[in-house]
Amino acid sequence: MPLVNIKSEIGKLQAVILHRPGRELLNITPEIMADLLFDELPFLDEAQKEHDNFAEILQKQGCKVYYLEDLAAESITDESIRQEFIDTYLQEADIAVPREMHLLQQYLYSLNNYDLVLKMMEGMRKNELPLYNKTTLVEMTEKRSFFVTEPMPNLYFTRDPFAFVGNGVSLNHMWSVTRRRETLFGRMIFRYHPLFRQENLPLWYDRHDGLSIEGGDIIVLSDKVVAVGVSQRTTAKGVMHLAHNLLTGGSGYETVLALTIPKSHAFMHLDTVFTMVDRDLFTLHPQVDETLEIYALTLRGKEIHTDFLGNDLQAVLKRYLHIPAVKLIREGKGTVMDAIREQWSDGYNTLAISPGEAVVYDRNVYTNEELDRYGVKLHVLRSGELSRGRGGPRCMSMPLSRLDLN
Ligand SMILES: NC(=[NH2+])NCCC[C@H](N)C(=O)O
């Protein structure tokens, strides 16, 4: 089987990319928290324990776990790659003072490959930089700015910066400034890592392409159909570009379904309100009805053709997945209010590890009861700290390979 093989959301999970939350979480401060897309400050030690537990659950099911930080460090196989990595990182690091840039560059060059990658992820505080002192007006007046370059605390949501579809990858252009730099790690890995170098992975999107698109919006429904959210994070233009590359690029995909969802922080990506759990079973948050419109993008001749399909998702899924009936988990036996509370902590963000078997957070009691009632085998993850970053098991994983469904 090829290294990259994602032709569904539910085929038995064979290999996945995770990132163990690191010291970047210690660089979130109340002042910059909103810009970093966090609502609270997580407790790192506990977040790491919960995350290790997540990795263990996957490994016990026979899934190979790759860590983003290891892959990125292993991609640096010679000095010119190391230079390219550091240079690109510095160009994108938004450093105001040239001298700071120079000191950071020297510091990064002194690190081994693994520490280099971790440091890039973690961000650099001014007081950590050897020889740092304040000499310019910017440095003297910005008393409360602690960083030479800011951290990337959302990296543990590996779902978003890139997304494997079929035998290729969408290397995304992210919506927020804070997350846009994350895709550099993907770029280095897909170009230079010994595992990927030979593969010549087709790129269905590139990090500097047009408008934003994020992996949380990309749901691989089958080997012919991909659903993509038009959301806070993913623009309609981004979907059109991805659709063009997928449908004309020999991916084997025939239809991209575009689903409009509310543009809000709570609903940032399609996978916060809609996931696939089994061949005929999906979660779907009730509030999605307020904005849902479904469009099908297909190829006619050389042009992408767009059809409006209405807003009956059940009917659309039946038709495109060729199944007689579709069950939707909409809310637990609590009220809609409980569904809203649990959606905020990613109750709907299930990660299927094989058909009818999913990883979920422990805190979403009502949603989990409902999944259980539908016969889903649940692997329940402690979620006190991980959930503070506003992402669940699906967001925290990027499947690299799944067994094909028969
Ligand atoms: N696929 C997802 N739903 N990812 C959740 C990402 C959460 C992250 N704090 C962000 O706002 O980007």
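Criteria and thresholds
Residues numbered from 1 in each chain as written. Predicted model: local features only at pLDDT ≥ 70, side-chain atom pairs only at ≥ 80, totals over all residues. Helix = DSSP H or I, 4+ residues; strand = E, 2+ residues; numbered from the N terminus. Buried ≥ 20, exposed ≤ 12 C-beta atoms within 10 Å, placed from the backbone. Contact = placed C-beta atoms within 7 Å. Near = placed C-beta within 6 Å. Nonpolar A, V, L, I, M, F, W, Y, C, P; charged D, E, K, R; others polar. Pairing = 2+ DSSP bridges. Axes fitted to C-alpha atoms, helices over the stretch in contact; angles between N-to-C directions. UniProt positions renumbered as here; feature names shortened; annotations may be inferred. Core = buried A, V, L, I, M, F, W, Y, C linked by C-beta atoms within 7 Å. Parallel < 35°, antiparallel > 145°, perpendicular 65-115°, else oblique. Left-handed = near helix turned anticlockwise from the far one by under 90°. Right-handed = clockwise from strand over helix to strand, strands pointing away.

J.: Report on the overall build of the protein chain, specifying residues and quantitative values.
T.: If you tally the helices and strands in the protein chain, you get 13 helices and 19 strands. Dimensions of the protein chain, computed from the C-alpha atoms along their principal axes, are close to 70 × 50 × 40 Å. The buried share of the protein chain, taken over its 406 residues, is 47%. Counted over contacts in the protein chain with a minimum sequence separation of 6, partners at least 24 positions apart contribute 72%.

J.: Give a description of the site of the ligand that names residues and reports values.
T.: Close to the ligand lie 15 residues; Leu 37, Gly 216, His 269, Gly 391 and Cys 395 are nearest. Here the residues of the shell around the ligand are counted per class, giving four nonpolar, six polar and five charged.

J.: Pulling in residues and values, what's your account of the sheet that holds strand S13 (residues 294-300)?
T.: Backbone-to-backbone hydrogen bonds join strands into a sheet, with any given pair of strands oriented parallel or antiparallel. Across the sheet, five strands lie side by side as S8-S9-S10-S13-S14; this open sheet has mixed pairing. The two strands at the open ends of the sheet, each matched to only one other strand, are strand S8 (218-220) and strand S14 (303-310). Across the sheet, the axes of successive neighbouring strands diverge by a mean angle of 25°, strand direction being ignored. As defined by bridge partners, strand S10 (residues 255-260) adjoins S13 across four bridges and the pair is classed as antiparallel. Across the sheet, Leu 259 pairs through a bridge with Ile 294, a residue of S13. On the sheet, helix H10 (residues 236-248) packs against strand S9 (225-230), S10, S13 and S14 and is oriented at approximately 165° with respect to S10. Against the sheet, helix H11 (residues 313-321) makes contact with S9, S10, S13 and S14, and its axis sits at roughly 170° relative to S10, the strand it touches most.

J.: Outline the UniProt feature "active site" (unreviewed entry) in the protein chain, listing residues and values.
T.: The positions that UniProt labels "active site" (unreviewed entry) are, in the present scheme, Cys 395. Those residues within four positions of Cys 395 in sequence are excluded, and the remaining contacts are Phe 157, Arg 159, Asp 160, Gly 216, Asp 271 and Asn 349.

J.: Quick rundown of the nonpolar core? Include the residues and the values.
T.: One finds Val 165, Val 226, Leu 242, Leu 246, Val 256, Ala 258 and Ala 358 to be the most contacted residues of the largest nonpolar core, which totals 97 residues. At six residues, helix H8 (residues 183-192) tops the list of elements feeding residues into this core. Beyond its immediate chain neighbours, meaning those up to four positions away, Val 226 contacts Val 165, Ile 218, Ile 219, Val 220, Leu 221, Leu 246, Tyr 253 and Val 256.

J.: So what about the environment of Glu 40? Which residues, and what values?
T.: On the secondary structure map, Glu 40 appears in the loop between strand S1 (13-18) and helix H1 (44-60). Its 13 C-beta neighbours within 10 Å are what place Glu 40 among the partly exposed residues. Once the C-alpha coordinates of Glu 40 and Arg 388 are considered, the two residues, 348 residues apart in sequence, prove to be 6.1 Å apart.

J.: Tell me about helix H2 (residues 68-75), and please be specific about residues and values.
T.: Turning to H2, its buried residues number three or more, namely Leu 68, Leu 71, Ala 72, Ala 73 and Ser 75. Residues of H2 that are buried make contact with S1, strand S2 (64-67), helix H3 (79-91), helix H5 (113-122) and H8.

J.: So, the sheet that holds strand S18 (residues 377-381): which residues are in play, and what are the values?
T.: Reading across the sheet, the three strands line up as S16-S17-S18 and stay open at both edges, with mixed pairing between neighbours. A strand with exactly one partner marks an edge of an open sheet, and here the two such strands are strand S16 (351-354) and S18. Across this sheet, the average inter-strand angle for adjacent strands is 30°, counted without regard to direction. Summarising the sheet, strand S17 (residues 357-361) and S18 pair through five bridges and their orientation is parallel. Bridging across to S18, Val 360 finds its partner in Val 380. Those strands touched by H1 are S16, S17 and S18, and its axis lies near 155° from that of S18. Along the sheet, helix H13 (residues 365-373) contacts S17 and S18; its crossing angle with S18, the most-contacted strand, is approximately 155°.

J.: Run through the packing of H2 against H8, naming residues and quoting values.
T.: The geometry of H2 relative to H8 is characterised by a closest axis approach of 9 Å and an angle of 55° between their N-to-C directions. By the angle class used here, H2 and H8 are oblique. Pair H2 / H8 crosses with left-handed handedness. Side by side, H2 and H8 meet where Leu 68, Leu 71, Ala 72 and Ser 75 of the first sit next to Phe 185, Met 188, Ile 189 and Tyr 192 of the second. Here the residues of the contact of H2 with H8 sort into seven nonpolar, one polar and no charged.

J.: Provide a residue-level description of the pairing of strand S11 (residues 274-278), including the pertinent values.
T.: When you tally the buried positions in S11, you get four out of five residues, the bulk of the element. Inspection of the sheet shows S11 paired to strand S12 (residues 281-284) by four bridges, in the antiparallel sense. Considered in S12, the bridge of Phe 274 is made with Leu 284. Following S11, the chain reverses through two residues before pairing antiparallel with S12.

J.: Tell me about unusual backbone geometry, and please be specific about residues and values.
T.: For Asp 346, which is not glycine, the phi torsion reads 65° and is therefore positive. Locating Asp 346 in the fold gives a position in the loop between helix H12 (336-344) and S16. Note on Asp 346: 27 C-beta atoms within 10 Å, which makes it buried. With phi around 65°, Arg 390 is a residue other than glycine that occupies positive phi space. Inspection of the secondary structure puts Arg 390 in the loop between S18 and strand S19 (398-402).

J.: Kindly report on the pairing of S1, identifying the contributing residues and their values.
T.: Bridge count for S1 against S19 is four bridges, and the pairing is antiparallel. Within S19, the residue paired with Val 16 across the bridge is Pro 399. Both S1 and S2 contribute to a ladder of four bridges, which runs parallel. Bridging from a neighbouring strand, Leu 18 pairs with Tyr 67 of S2. Handedness of the crossover joining S1 and S2 through H1 is recorded here as right-handed.

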